[in-house]
Amino acid sequence: MRKFDTKVQYLKYKVLREVARQAWNGTLYENLFDIPKIIIPGNTPTMRCCVYKERAILSERVKIAMGGDKDDPNVIEVISTACDECPMGGYEITNSCRGCLANRCEDVCKRGAISFDHNHVAHIDKSKCVDCGMCAKVCPFSAIVNRKRPCQSACKVKAISMDENKAAKIDNEKCIACGACVYQCPFGAITDKSYILEVINMIKESAENKNYKVYALVAPSISSQFTYAKHGQVIAGLKALGFYTTIEAALGADMVAYMESKELAEKGFLMSSCCPSFVSYIEKSFPSLLPNVSHNLSPMAAIAKYIKSTDPTAKVVFIGPCTAKKAEVRKENVKKYVDSAVTFEELQALFDSRGIDITLLDEDVLDNASYFGRIFARSGGLSDAVAQGLKEHGITDFELKATVCDGIEECKSALLRKSKNVLNSNFIEGMACKGGCIGGAGCLTHGEKNKAEVDKYGAEAFEKTITDAISVIKNIKEWDEK
């Protein structure tokens, strides 16, 4: 029964599970320093040079599982002691070098960084090289290659560099918290802060004091996760954890599609507000385009706002695939609606920390949203929902011309074209993760099959139109203006 894509994810999960288990039992702080030994018993290292270094790194993982560095506003952190195995990267000479006589690489290098040994094979002096790449361009054998660390290759906004100790360093002025580096780091040296202790405390206090209820707000991408169990069993598992009830974030997506489609027709051009990493990227790299971002909250915040308007005592926890949601719930305009956020990885740890085997549970039902709200989870789904929203509003004199951006590189391309007024569309759907939310760093599993699972889940929706789904909200315009 495979629950994770990689062993790095599994190690992260084991730390989260143990921290959660101790927190449920009320023994976390008295057993805090024993957790690394519980995870790696004995004296035999499993991944590092020695068990002591391994446990030292685990201690850092435990801190991040407990909320991480409170002075660092970023939800993505680097464990510098774990970031020491990757080569520095940059341009290197491979064994394809034939020791040719032309020496074009030497001639083109303005820094004098290239020399030759007695076999005429080229070498690069890293103290002189500035990684301009000119040598690679002129080599007739393509013997010079540019090797990047996995985290740098994953980060498409160039927020990662190396510090003086050769450890990864994150530029918070560029980072959009998408978590691509988290998933791609082969040593788990870059990871996302966890707020599972917040969630556990909320559930425990709710059970003890009965003065508020904790709502689980579940992202539609859950349909592609927990594949070892039935979807209804996952929902039953949430109630077994202590959540009062479960609401689909997809209902928030229906609300947003309904309002955003009308806003688009009124303004003539719009960019989606659903992906927090996409919005963050605009804020940091294309601030002049911010007025074009929809005024609507994200689906998560929109439905949470509605929940709290109907139950002022509610505590709302978002559960999804997104590391950037952990940053979004700290924003001033969102934190009054959403109390915390955890990923699917963390939900699995929460289940197991309480010994809940969801495969043994009877299925519960989750049916709050339409097909169109549910397909927000994959790339292109938002645009399809906006088209449906226009149709349901009866807006026939406006033609949707959507640019669907699958991943932050496509987002960058569309934003650049818009900034130069050469974009031939009136709507930009921005998704920072490849595939959309189903490609989020907090997923248990990643893969192409996830899109099919989302579409299948959407087709199972009881409500077939957006209007039917949001009929529970008596006057959505009045609610939106509150």
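Scroll up to find the structure.
In this report, the structure presented in the accompanying data block is examined. (Residues numbered from 1 in each chain as written. Predicted model: local features only at pLDDT ≥ 70, side-chain atom pairs only at ≥ 80, totals over all residues. Heavy atoms only, no water.)

### Quick notes on the overall build of the protein chain
A tally of regular secondary structure across the protein chain gives 20 helices and 15 strands. Computed over the C-alpha atoms, the radius of gyration of the protein chain is 25 Å, within 12% of the 23 Å expected from 2.2 N^0.38 for a compact globule of 482 residues. Structurally, the protein chain occupies a C-alpha span of about 80 × 65 × 40 Å along its principal axes. When the 482 residues of the protein chain are sorted by exposure, 53% land in the buried category. Residue pairs at least 24 apart in sequence account for 74% of intrachain contacts in the protein chain once pairs closer than 6 positions are excluded. Within the structure as shown, the protein chain displays about 22100 Å² of accessible surface, and the carbon and sulfur contribution to it stands at 50%. When the 64 basic and 61 acidic side-chain charges of the protein chain are each reduced to a single mean position, those positions are 4 Å apart. (Helix = DSSP H or I, 4+ residues; strand = E, 2+ residues; numbered from the N terminus. Rg over C-alpha atoms; globule rule 2.2 N^0.38 Å. Buried < 20%, exposed > 50% of the residue type's maximum accessible area, 1.4 Å probe, protein only. Contact = heavy atoms within 4.5 Å. Areas by Shrake-Rupley, 256 points an atom, 1.4 Å probe, with all protein chains shown as cover. Lys, Arg positive; Asp, Glu negative; His and termini not counted. Charge placed at Lys NZ, Arg CZ, Asp CG, Glu CD.)

### Structural notes on the nonpolar core
Grouped together as the largest cluster of nonpolar side chains are 97 residues, with contacts concentrated most on V19, L217, F226, F243 and I319. Ranked by the residues each element gives to this core, the list is headed by helix α10 (residues 249-267), at 9 residues. The residues contacting F226, other than those within four sequence positions of it, are V234, F344, L347, Q348, F351, I358 and L444. Residues A82, I160, I170 and A324 belong to the second largest nonpolar core, which totals 47 residues. (Core = buried A, V, L, I, M, F, W, Y, C linked by side-chain atoms within 4.5 Å.)

### Focus on the environment of S153
Inspection of the secondary structure assignment puts S153 in helix α6 (residues 150-154). The class for S153 is partly exposed, based on a relative accessible area of 34%. Between the alpha carbons of S153 and Q184 there is a distance of 8.8 Å; along the sequence they are 31 residues apart.

### Let's talk about the side chain of S223
On the secondary structure map, S223 appears in the loop between β9 (214-218) and α9 (231-241). Ignoring any residue separated from it by four or fewer positions in sequence, one finds S223 in contact with H231, E453, V454 and Y457.

### So, the packing of aromatic side chains
Under the definition given, this model contains 8 aromatic pairs. With a centroid separation of 6.1 Å and an interplanar angle of 85°, the aromatic rings of F226 and F344 are classed as edge-to-face. Separated by 118 residues along the polypeptide, F226 in the loop between β9 and α9 and F344 in helix α14 (residues 344-353) bring together distant segments of the chain. Geometry around F318 places K325 over its ring, the cationic atom sitting 5.6 Å from the centre. Seen from the ring of W24, R354 lies directly overhead, with NZ or CZ sitting 4.3 Å from the centre. (Phe/Tyr/Trp six-rings, centres within 6.5 Å; stacked < 30°, edge-to-face > 60°. Lys NZ or Arg CZ within 6 Å of the ring centre and 35° of its normal.)

### A short note on helix α11 (residues 276-285)
Counting buried residues in α11 gives 7 out of 10 residues, a clear majority hidden from the surface. By the burial criterion, the buried members of α11 are P276, S277, F278, V279, S280, Y281 and I282.

### Examining the sheet that holds strand β15 (residues 427-431)
Within the open sheet, the 3 strands sit side by side as β11-β15-β14. Their pairing is parallel. Pairing within the sheet leaves two strands with one partner each, and these edge strands are β11 (270-271) and β14 (402-406). Bridge count for β11 against β15 is 2 bridges, and the pairing is parallel. From the neighbouring strand, L270 faces β15, where its bridge partner is F427. (Pairing = 2+ DSSP bridges.)

### Things to note about the packing of helix α1 (residues 7-25) against helix α3 (residues 51-65)
As a packed pair, α1 and α3 sit with axes 9 Å apart at the nearest point and diverge in direction by 60°. Considered as vectors, α1 and α3 are oriented oblique to each other. Of the two possible hands of crossing, α1 and α3 adopt the one that is right-handed. Residue-level inspection shows L11, V15, L16 and V19 of α1 in contact with α3, the latter providing L58, R61, V62 and A65. Residue composition of the contact of α1 with α3, by class: 7 nonpolar, no polar and 1 charged. (Axes fitted to C-alpha atoms, helices over the stretch in contact; angles between N-to-C directions. Parallel < 35°, antiparallel > 145°, perpendicular 65-115°, else oblique. Left-handed = near helix turned anticlockwise from the far one by under 90°. Nonpolar A, V, L, I, M, F, W, Y, C, P; charged D, E, K, R; others polar.)

### Re empty space enclosed by the protein
Gaps between atoms show up when a probe of the same size as a water molecule is rolled over them. Following the criterion strictly, the structure yields 6 cavities of 30 Å³ or more and no others. Empty space within the largest cavity amounts to approximately 330 Å³. For the largest cavity, the lining is made up of 25 residues, of which C274, P276, C322, K325 and C437 are closest to its centre. Mapped by element, the contributors of at least two residues to the lining of the largest cavity are α10, α11 and α12 (299-310). Tallied by class, the residues present in the lining of the largest cavity amount to 20 nonpolar, 4 polar and 1 charged. Here the second largest cavity is characterised by a volume of approximately 130 Å³. C97, C100, C105, A122 and C139 are the residues nearest the centre of the second largest cavity, which is lined by 17 residues in total. (1 Å grid on protein atoms, 1.4 Å probe; cavity = no way out; pocket = protein on both sides within 12 Å on 5 of 7 lines; lining within 4 Å. Points joined across faces, edges and corners; volume = space filled by probe spheres on them.)

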